[in-house]
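Spelled out, the chains give:
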Amino acid sequence: MYLFVQGVGGAVARGMPGTDQDGEHLVRQLVDYADGLLSVSDSCATPVADQSAETCDVWRQLMGILGDCSEDTDGTRRLIRLLMCHAGLQLFYDRSSSTDLLKELFTIHSKVTEVKMVVKDEPHWTEVLTDVLLGFLAQPSQLWRTLCKQVYRHITSHITSDALELVIKVLDPRCKEELHGYLQLVGDDEAAAQEESTDEEEVADSVASGEERCSSTSEDDDGESDMEFEVDEEFRKEIKAALGDAALPSSEGEDIAADDDLDDEAMSKIDGALARAFQARKKSLSLKKERKDFNHQLMDFRLRVLDLVEVYIRWQSKSINSLDLILPLFRLMMSCSNESLPLANRAANIFS
């Protein structure tokens, strides 16, 4: 359900998106409605999954913070409470990650609210909040993208150099491998587990079908499109090593198996060696696909993070910290390949 929507009756033109005519966030009303249902014992609505004691404590703490009507001079705490509302609704279907997220937001809210001496070794609240916003932007959600831009717009005047460095790190091509914590391929764990559970019979079947396709290819050039694996020189060497003495050079320089003089035991060993060779190639192709998917996700992630850069430059162009963005943006443009031209164009537009 898209909760961050335009208001009714032209309220947005005079106020903030996602608010009613009184200026109250619509998602806050939904949270209050959910709390009302949970507080009534004979309510007709019950959670799909049983809520743990920790989840209930986090929910009560959330409602306590939302009920705080203390003065908010610049609207920062109000926007943090807006993030809390969206994260609170996720408790009903993603308890583990939402619980940790809400605890971080509670800490940020308390640091913004309390007037106290800053601890030297303790990160500034904008640094913690920026890390949370980057986690939101890693998700392919237009909702979180809109929310992050709105929140970041209101905290740009408080952003420290360390908080801005977190954004710069995402854009830095040299820090590519360090971004795996933000980006997680959906279903990778399940796919890996499913691949590990493949038994030897299934592998043998794939090897047998692969051998049939390879043999048909050597007889008919038109069968090349039916091959499951790309046959390159490296793969030929792997197959030759798997066949061992059973591999004989053909007139065309390829290796074929001489199975006329092999007994069943020798053929069984060759089948196992071929199975391992095909399985290794399958894993290699899988890794290539994972790297391609990661690079695509990384480009989309960086495009969303550039929203924050545009917001910061627009509202803090006179800040000396804005100069720290020039070199990372230039490096980003120079490192982009043909597949990531949208990212290079977006970074170039920021310069202009």
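All figures in this text were calculated on a predicted structure; none of them were measured in a lab. (Residues numbered from 1 in each chain as written. Predicted model: local features only at pLDDT ≥ 70, side-chain atom pairs only at ≥ 80, totals over all residues. Heavy atoms only, no water.)

Per the secondary structure count, the protein chain includes 14 helices and two strands. Taking all 352 residues of the protein chain together, 35% fall into the buried category. If you take every contact in the protein chain between residues at least 6 apart in sequence, the share linking residues at least 24 apart comes to 68%. If you sum the accessible surface of the protein chain, you get close to 21,300 Å²; carbon and sulfur atoms cover 50% of it. (Helix = DSSP H or I, 4+ residues; strand = E, 2+ residues; numbered from the N terminus. Buried < 20%, exposed > 50% of the residue type's maximum accessible area, 1.4 Å probe, protein only. Contact = heavy atoms within 4.5 Å. Areas by Shrake-Rupley, 256 points an atom, 1.4 Å probe, with all protein chains shown as cover.)

Before going further, it helps to examine the nonpolar core. Counting 66 residues, the largest nonpolar core has L83, L102, L105, L129, L133 and Y152 as the members making the most contacts within it. Beyond its immediate stretch of four places on either side in the chain, L105 contacts I80, L83, M84, A87, L129 and V132. Membership of the second largest hydrophobic core comes to six residues, among which are F235, I270, A277 and F278. (Core = buried A, V, L, I, M, F, W, Y, C linked by side-chain atoms within 4.5 Å.)

Attention shifts here to the packing of helix α2 (residues 26-39) against helix α3 (residues 53-66). Packing of α2 against α3 brings their axes to within 12 Å, and their N-to-C directions diverge by 130 degrees. Looking at the two axes, α2 sits oblique to α3. In the crossing of α2 with α3, the sense of the turn from one axis to the other is left-handed. Residues R28, V31, D32, A34, D35 and L38 of α2 form the contact with α3, whose own contacting residues are W59, M63 and L66. (Axes fitted to C-alpha atoms, helices over the stretch in contact; angles between N-to-C directions. Parallel < 35°, antiparallel > 145°, perpendicular 65-115°, else oblique. Left-handed = near helix turned anticlockwise from the far one by under 90°.)

Relative to the helices and strands, N321 resides in the loop between α12 (264-315) and α13 (326-335). On the basis of relative accessibility, which here comes to 18%, the residue N321 falls in the buried class. Residues in contact with N321, not counting those within four places in the same chain, are I159, T160, S161, L164 and Y312.

By the definition in use, this model includes 10 salt bridges. D307 is the partner of R145 in a salt bridge, and the nearest nitrogen-oxygen pair spans 2.5 Å. With R145 in helix α7 (residues 142-155) and D307 in helix α12, this residue pair connects regions lying 162 residues apart in the sequence. Overall, the relative accessible area of 3% leaves D307 in the buried class. Among the salt bridges present, the one from E178 reaches K169, with a minimum N-O distance of 2.9 Å. (Salt bridge = Lys/Arg side-chain N within 4 Å of Asp/Glu carboxyl O.)

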